Amino acid sequence: MIKAKPKSPATATASKRRDQATPEPSPKPPRQTKAALLRELLARPAGASLDDLCAATGWQRHTLRAVLSRLRQAGHAVERLEGESGRPRYRIAGAGAEEGEQ
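Sequence positions are assigned chain by chain, starting from 1 and proceeding in written order. For this predicted model, a pLDDT threshold of at least 70 governs which residues receive local features, and a threshold of 80 or more governs which side-chain atom pairs are given and counted, while totals over whole chains, interfaces and linings are taken from all residues. Computation of side-chain values covers all heavy atoms of the structure but excludes hydrogens and water.

Colleague: Could you clarify how one ought to interpret helix 2 (residues 34-42) in this entry?
Modeller: Structural remark: α-helix, 3.6 residues per turn; residues separated by three or four positions point the same way. When accessible area is computed with a 1.4 Å probe and restricted to protein chains, residues below 20% of their type maximum are described as buried, those above 50% as exposed, and intermediate ones as partly exposed. Strands are runs of DSSP state E lasting at least two residues, helices are runs of H or I lasting at least four, and both sets are numbered from the N terminus onward. Residues of helix 2 that are buried include every one of Leu38, Leu41 and Leu42, and no others. One side of helix 2 holds all its buried residues, which, seen down the axis, span an arc of 95°. This arc corresponds to the set of directions leading from the helix axis out to the C-beta atoms.

As structure tokens, then:
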């Protein structure tokens, strides 16, 4: 029969210190995805231009147009508005009315 060796006092103390010294991990904020950022920009009452969306995401214009198309396919009502300089602005329909009611 093999008997386990008793822990030395130094080993027992070290394991206690290790257990006590382990700090709880700090909660990380949720990761901001580009898709979530895009939906936030499109939810603004004034919407966002393609230039605004390009600057925020780093995507190219043709990629953003494809993403807008995918949002429409997913059931979001994406409106195309005329901007002040004649350039189109996009927003998710109903976003402006929701903020005005508060």
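Colleague: Hey, could you run me through the packing of helix 2 against helix 3 (residues 50-57) in this one?
Modeller: Each pair of packed helices can be summarised by the angle the axes make with each other and by the distance between the axes. Contact geometry for helix 2 and helix 3: axes closest at 10 Å, N-to-C directions at 150°. With respect to each other, helix 2 and helix 3 are oriented roughly antiparallel. Here helix 2 runs over helix 3; the crossing is right-handed. Every residue of helix 3 that contacts helix 2 at Lys34, Leu37, Leu38, Leu41 and Leu42 is listed here: Leu53, Ala56 and Thr57. Among the residues forming the contact of helix 2 with helix 3, the class breakdown is 6 nonpolar, 1 polar and 1 charged. An axis is simply a line fitted to the C-alpha atoms; with a helix, the fit covers only the stretch in contact. Between two such axes, the angle follows the N-to-C directions and lies from 0 to 180 degrees. Any angle that is under 35 degrees is reported as roughly parallel, and any over 145 degrees as roughly antiparallel; angles of 65 to 115 degrees are reported as roughly perpendicular and all others as oblique. Whether a crossing is left-handed or right-handed is set by the direction in which the near helix is turned from the far one by less than a right angle, anticlockwise for left-handed and clockwise for right-handed. Here, two residues are considered to be in contact whenever any of their heavy atoms come within 4.5 Å of each other. In this classification, the charged set is Asp, Glu, Lys and Arg, the nonpolar set is Ala, Val, Leu, Ile, Met, Phe, Trp, Tyr, Cys and Pro, and all remaining amino acids, among them Gly, are polar.

Colleague: What's the story with the packing of helix 2 against helix 4 (residues 61-73) in this structure? I'm lost.
Modeller: The contact between helix 2 and helix 4 brings their axes to 12 Å, and the two run at 80°. Put simply, helix 2 runs roughly perpendicular to helix 4. Residues Leu38, Arg39 and Leu42 of helix 2 touch helix 4, and the partners they reach there are Leu64, Val67, Leu68 and Leu71. Taken together, the residues of the contact of helix 2 with helix 4 break down into 6 nonpolar, no polar and 1 charged.

Colleague: So what exactly am I meant to see when it comes to the pattern of salt bridges here?
Modeller: Pairs may arise between side chains of opposite charge once their charged atoms sit close together. For this analysis, a salt bridge means a side-chain nitrogen from Lys or Arg found within 4 Å of a carboxyl oxygen belonging to Asp or Glu. Under the counting rule described, the total for this entry stands at 6 salt bridges. Of the charged contacts in the structure, one is a salt bridge between Asp51 and Arg87, with a shortest N-O distance of 2.8 Å. Of this pair, Asp51 sits in helix 3 while Arg87 sits in the loop between strand 2 (78-82) and strand 3 (88-92), and the two are 36 residues apart along the sequence. With its nearest N and O atoms 3.7 Å apart, the salt bridge here joins Arg80 to Glu82. Take Arg80 and Glu82: they sit in the same class, and that class is exposed.

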